[in-house]
Amino acid sequence: MSQSQKRKTGKKIHTYYDISGEKLVRRLKKCPRCGVFMAFHKVNKTRWSCGKCSYTEYVS
Ligand SMILES: [Zn+2]
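Quick look at the sheet that holds strand E1 (residues 39-41) now. Here 3 strands make up an open sheet; going across it, the order is E1-E2-E3 and the pairing antiparallel. Two strands close off the open sheet at either side, each with one partner strand: E1 and strand E3 (56-58). For this sheet the average axis-to-axis angle between neighbouring strands, irrespective of direction, equals 20°. Both strand E2 (residues 47-49) and E3 contribute to a ladder of 3 bridges, which runs antiparallel.

Below is the structure:
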């Protein structure tokens, strides 16, 4: 059975939502440089980062 693998992924997602909160995850930020949606990171420092031009904005 591959249920243990499925559970691992599910737990990760659950943890992510727990920390960020649904509202924060949904409210996507747009990059001020190129206008694409930015990715939200919570590891080490809370920040938004653009995958296109690598613009990073730190959240205090
Ligand atoms: Zn950008």
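A few words on the environment of threonine 56. Here threonine 56 shows up in strand E3. Using a count of 14 C-beta atoms within 10 Å as the deciding quantity, one classes threonine 56 as partly exposed. Sequence spacing of threonine 56 and phenylalanine 40 is 16 residues, and the spatial spacing of their C-alpha atoms is 9.9 Å. The contact partners of threonine 56, leaving out residues within four places of it in the chain, are Arg47 and Ser49.

The next thing to look at is unusual backbone geometry. Despite not being glycine, asparagine 44 shows a phi value in the positive range, around 60°. Within the secondary structure, asparagine 44 is located in the loop between E1 and E2. Looking at asparagine 44, the number of C-beta atoms within 10 Å reads 6, which means it is exposed. The backbone phi angle of serine 54 is positive, close to 60°, even though this residue is not glycine. Relative to the assigned elements, serine 54 resides in the loop between E2 and E3.

We now examine the confidence of the model for the protein. Of the residues in the protein, 55% reach a pLDDT of 70 or more, and the chain-wide mean stands at 75. Ranking the helices and strands of the protein by mean pLDDT puts E3 first, with 95, and helix H2 (residues 22-26) last, with 50.

Reading the values: the criteria
- Residues numbered from 1 in each chain as written.
- Predicted model: local features only at pLDDT ≥ 70, side-chain atom pairs only at ≥ 80, totals over all residues.
- Pairing = 2+ DSSP bridges.
- Helix = DSSP H or I, 4+ residues; strand = E, 2+ residues; numbered from the N terminus.
- Axes fitted to C-alpha atoms, helices over the stretch in contact; angles between N-to-C directions.
- Buried ≥ 20, exposed ≤ 12 C-beta atoms within 10 Å, placed from the backbone.
- Contact = placed C-beta atoms within 7 Å.
- pLDDT = per-residue confidence, 0-100.

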